[in-house]
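Overview (structure and organization)
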Amino acid sequence: MVDADSWVLDDFSFAIPDEASLADIKMWSARNAVNGLRWFNGGLKLLSRRAVLSMNPGSIDFFSSMAGERVLSGEIATETRFNATPFLAWRAGFRECAKLTGKVVRFRDAGEHLNIWQTQGADKLNGAWCMLGARMGANYGLKNPAGHSLLKINDMRWLYDVFEDARKSNAIATILAEIAGG
């Protein structure tokens, strides 16, 4: 599975590692086009039928809801290019950081990832919007940890309304002032 906003790298050679041949879920890393993070969000995924059928459509994060053995490759297969518009960049930052602070996604380097989402990439296309979304999402996740309210991050109408409120309030000016003060 390749996300619609991901670009398979020209030099990536698709080969299933021997140790992954029986796994239900195989993932290759992606490079984040805004902040350079190397992670599985936007990465190439090879899923068994069993894993797909186990997905919980009502979960906060569909990937974490899947059952089965996982094999994660450190090889970078894609670049996730979610930043084509201010809203899409903001939404990606918001959702990822809400999941991190809301404890939906847990891993050793979560704090470092959270910091990078919020502080790096302003010089990229819509990067400041991504950083604003990350900050707002981190705050939302802290206030709504892994509960019913966190499910709102999957409601695209709600997200767009929150984005529009931020846009109208000129919240982006804070990020732009930080960049200018640099």
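Our structure's up above, just so we're on the same page.
Residues numbered from 1 in each chain as written. Predicted model: local features only at pLDDT ≥ 70, side-chain atom pairs only at ≥ 80, totals over all residues. Heavy atoms only, no water.

A look at helix α6 (residues 156-168)
In a regular helix each residue adds 1.5 Å, so 13 residues correspond to 18 Å; α6 covers 18 Å between its end C-alpha atoms and thus fits that length. Turning to α6, its buried residues are Trp158, Leu159, Val162, Phe163, Glu164 and Ala166. Looking at the buried residues of α6, the elements they touch are α3 (86-101) and α5 (127-143). Capping of α6 at its N-terminal end is provided by Asp155; its side-chain oxygen lies 3.1 Å from the backbone amide nitrogen of Arg157. (Helix = DSSP H or I, 4+ residues; strand = E, 2+ residues; numbered from the N terminus. Expected span 1.5 Å × (residues − 1). Buried < 20%, exposed > 50% of the residue type's maximum accessible area, 1.4 Å probe, protein only. Contact = heavy atoms within 4.5 Å. Polar contact = N/O pair within 3.5 Å; in protein donor to acceptor, adjacent residues only side chain to side chain.)

Focus: the state of the cysteines
Applying the stated rule across the entire model yields zero disulfides. No disulfide involves Cys97; its nearest neighbouring cysteine sulfur is the one of Cys130, lying 7.6 Å away. By relative accessible area, which is 0% here, Cys130 ends up buried. (Disulfide = S-S within 2.5 Å.)

A short note on the packing of α5 against α6
Look at α5 against α6: their axes get within 12 Å of each other, and the N-to-C directions meet at 115 degrees. Where α5 crosses over α6, the two elements pack in a sense that is right-handed. Contacts between α5 and α6 involve Trp129, Leu132, Met136 and Tyr140 from the first element and Trp158, Val162, Phe163, Ala166 and Arg167 from the second. By residue class, the composition of the contact of α5 with α6 is eight nonpolar, no polar and one charged. (Axes fitted to C-alpha atoms, helices over the stretch in contact; angles between N-to-C directions. Left-handed = near helix turned anticlockwise from the far one by under 90°. Nonpolar A, V, L, I, M, F, W, Y, C, P; charged D, E, K, R; others polar.)

Comments concerning the nonpolar core
The biggest cluster of nonpolar side chains holds 33 residues, and the ones touching the most others in it are Trp90, Phe94, Trp117, Trp129, Leu132 and Ile153. For this core, the elements supplying multiple residues, two or more each, are α3, α4 (110-119), α5, α6 and α7 (172-181). Those residues in contact with Phe94 that lie beyond four places of it in its chain are Gly133, Ala134, Met136, Gly137, Tyr140, Ile153, Trp158, Leu159 and Val162. The next biggest cluster of nonpolar side chains, apart from the first, holds six residues, and it includes Met27, Phe40, Ala51 and Phe63. (Core = buried A, V, L, I, M, F, W, Y, C linked by side-chain atoms within 4.5 Å.)

Describing the pairing of strand β2 (residues 25-32)
Most of β2 is tucked away: seven of the eight residues are buried. Sheet topology note: the β2/strand β4 (residues 45-47) ladder contains three bridges and is antiparallel. What sits directly across from Ile25, in β4, is Leu47. Pairing of β2 with strand β5 (residues 70-80), which is carried by eight bridges, proceeds in the parallel orientation. For Asn32, the partnering residue across the bridge sits in β5 and is Thr80. Direction of pairing for β2 relative to strand β3 (residues 38-39): antiparallel, over a ladder of two bridges. Bridge pairing in β3 places Ala30 opposite Trp39. (Pairing = 2+ DSSP bridges.)

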